[in-house]
Amino acid sequence: MSTEVLLNEFKECSEHPYRVISAYKQEGKKVIGVLPYFAPVELVVAAGMVPMGIWGSNKKTIAQAKEYCATFYCTIAQLALEMLLDGTLDQLDGIITPTICDTLRPMSQNFRVAMEGKLPCIFLAHQNRKPAFGLQFTVDQYMHVKSELEKISGNTITDEVLRDAIKVMNRSRKARREFVKLAGQHPEAISAVERSAVLRSAWFMEPAVHAQKLEELNEELSKLPASNWKGRKVVTSGIICDNPKLLQIFDDNNIAIAADDVAQETRAFRVDASEEGDPMMALAQQFADQDYDVLLYDEHSNKNRRADYVVQMVKESGAQGLVLFMQQFCDPEEMEYPYLKKALDDAGIPHIKLGVDQQMRDFGQASTAIQAFADVL
């Protein structure tokens with residue numbers, strides 16, 4: 001399949017993600033919504049169902065969700081609830097509600113109350129990951145998720161089936177890591193908008209299918225001659241930056257994304273799970289091995305490890321600067337910024353901070369800021 005055809009498939013899935021649910025339902029498959037992030041989608045796959053990421057929407061307006069949410073909740077969470085209330089996600093067979101941040105913790109109960117009698121809501125608590133007691137807590141939480149998914153699917157999740165699901169997701173993660181590397185090497189072939197579409201579609205397309213198609217795309221990209229890119233290159237950082245209109249500003253100014261530190265993108269597939277031994281403990285260990293994320297507890301945070309990690313990423317990627325997409329009302333990101341700024345300034349790396357949310361429709365200010373940043377670079 002040609003690069004153009006594959007990119008069009010990824011774009012279609014990315015732009016109309018919830019049409020995909022209908023397609024899977026017509027095939028007789030059950031679909032489980034998964035809110036952000038660090039949820040064990042391997043359990044959904046092992047149950048014979050399709051995981052469907054719920055990352056809000058760039059096309060909807062918050063209306064019904066206001067009855068349940070505080071005004072200072074981020075728009076990702078509010079629009080996720082909006083789509084559950086307005087019927088967009090009526091064909092889901094259940095949702096998993098992780099509690100990775102101070103908004104998602106109370107929001108998990110908003111989802112439960114709003115969907116009572118309509119949709120099963122599977123609560124997933126997060127805690128300190130690395131000590132032995134933390135690993136056991138994660139295993140206990142995953143066992144709860146497993147039990148609830150078995151009820152919905154009618155299938156038993158055996159260790160063998162779960163190991164197979166881990167292999168599927170490891171394959172998916174490997175393909176996405178390779179794509180990020182190749183897209184950074186060939187910005188003339190993969191625009192910022194296309195890069196986002198490929199990575200975003202992984203949240204909506206069946207994992208094995210997405211991995212296969214992405215491997216085909218990677219093979220085509222690997223055949224390209226060395227790039228002679230004349231524009232600028234940046235690293236992007238933040239929780240999410242998937243709005244095509246915003247990313248088009250990058251393309252219009254010949255700014256390529258060399259690498260990213262984005263939760264919806266690279267942070268989601270940095271770490272594989274072991275395919276050996278107890279598969280449930282392997283998933284718990286995978287979560288424990290996650291690192292350098294603003295929403296995860298770091299016992300060595302006084303060393304500013306995450307900021308150093310981001311600085312090193314910029315240097316290794318060959319980028320000239322960093323663009324930080326600051327999700328409005330995201331306290332962890334706002335509290336981290338001074339430390340990240342200091343590390344970038346100390347390393348002589350130019351950066352720009354853009355406040356974003358999914359209710360933005362006018363990108364005039366962002367366009368001016370990005371154009372000015374391109375001139376600086």
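In what follows, the structure referred to is the one given above.
Here's a quick rundown of the structure. All values reported here derive from a predicted model rather than from experimental measurement. (Residues numbered from 1 in each chain as written. Predicted model: local features only at pLDDT ≥ 70, side-chain atom pairs only at ≥ 80, totals over all residues. Heavy atoms only, no water.)

**Observations concerning the overall build of the chain**
Scanning the chain from N- to C-terminus turns up 14 helices and 8 strands. Against the compact-globule benchmark of 21 Å for 377 residues, the chain has a radius of gyration of 20 Å, which places it among compact chains. Based on the C-alpha atoms only, the size of the chain along its principal axes is roughly 55 × 45 × 45 Å. Pairs at least 24 residues apart make up 75% of the contacts formed inside the chain by residues separated by at least 6 positions. Total accessible area on the chain is roughly 16,000 Å²; 49% of this is exposed by carbon and sulfur atoms. (Helix = DSSP H or I, 4+ residues; strand = E, 2+ residues; numbered from the N terminus. Rg over C-alpha atoms; globule rule 2.2 N^0.38 Å. Contact = heavy atoms within 4.5 Å. Areas by Shrake-Rupley, 256 points an atom, 1.4 Å probe, with all protein chains shown as cover.)

**Structural notes on the packing of aromatic side chains**
In total, this model carries 8 aromatic pairs according to the counting rule given. Summarising the aromatic geometry, the rings of Y37 and F38 are spaced 4.7 Å apart at their centres and angled 45° between planes, so their arrangement reads as tilted. The same class applies to Y37 and to F38, which are both buried. Each residue in the set Y37, F38, W55, W203 and F287 is aromatic and connected to the rest through ring pairs, giving one cluster. (Phe/Tyr/Trp six-rings, centres within 6.5 Å; stacked < 30°, edge-to-face > 60°. Buried < 20%, exposed > 50% of the residue type's maximum accessible area, 1.4 Å probe, protein only.)

**Some details on the sheet that holds strand β4 (residues 121–124)**
Read across the open sheet, the 4 strands follow the order β2-β1-β3-β4; overall the sheet is parallel. Sheet topology places β2 (50–53) and β4 at the edges, where each strand pairs with a single neighbour. Strand after strand, the sheet turns through a mean of 25° between neighbouring axes, direction not considered. Summarising the sheet, strand β3 (residues 94–98) and β4 pair through 4 bridges and their orientation is parallel. (Pairing = 2+ DSSP bridges. Axes fitted to C-alpha atoms, helices over the stretch in contact; angles between N-to-C directions.)

**Overview of the pattern of salt bridges**
Summed over all chains, the structure comprises 29 salt bridges. As a salt-bridge pair, E150 and K146 come within 3.1 Å of each other at their nearest N and O atoms. Taken together, the residues E150 and K146, both in helix α6 (residues 132–153) and 4 residues apart, mark about one turn of the helix. With a closest N to O distance of 3.2 Å, R267 and D261 form a salt bridge. Residue D261 is classed as buried on the basis of its relative accessible area of 0%. Look at the salt bridges and you will find they share partners, linking D261, R267, R270, D293, R306 and E336 into a network. (Salt bridge = Lys/Arg side-chain N within 4 Å of Asp/Glu carboxyl O.)

**Examining unusual backbone geometry**
We note that F38 has phi near 65°; this positive angle belongs to a residue other than glycine. Counting through the fold element by element, F38 comes out in the loop between β1 (31–34) and α3 (41–46). Taking the relative accessible area as the measure of exposure, F38 reaches 11% and is therefore buried. Despite not being glycine, F329 shows a phi value in the positive range, around 70°. Assignment of secondary structure puts F329 in the loop between β7 (321–327) and α13 (331–346).

**Looking at the pairing of strand β6 (residues 255–262)**
With 8 of 8 residues buried, β6 is to be regarded as a mostly interior element. Sheet topology places strand β5 (residues 232–238) next to β6; 7 bridges connect them, and they run parallel. Bridge pairing in β6 links V234 to I257.

**Examining the nonpolar core**
With 92 residues, the main nonpolar core has L92, L149 and I239 as its most contacted residues. If one sorts the elements of this core by residue count, helix α7 (residues 159–185) sits on top with 9 residues. With near-sequence residues (within four places) excluded, L92 lies in contact with I21, V31, I32, G33, M52, I54, L84 and L119. Counting residues in each nonpolar core, the second largest holds 22 residues, with C241, I249, F325 and F373 among its members. (Core = buried A, V, L, I, M, F, W, Y, C linked by side-chain atoms within 4.5 Å.)

**Re the pairing of β3**
Within β3, 5 of the 5 residues are buried, leaving the element largely enclosed by the surrounding structure. Across the two faces of β3 the burial is the same, with G94, I96 and P98 and I95 and T97 all buried. Relative to β3, β1 runs parallel, the two being bridged by 3 bridges. From the neighbouring strand, I32 faces β3, where its bridge partner is G94. The β-α-β motif built from β3, the intervening helix α5 (residues 104–114) and the parallel element β4 has right-handed crossover chirality. (Right-handed = clockwise from strand over helix to strand, strands pointing away.)

Taken by themselves, the reported measurements are silent on function.
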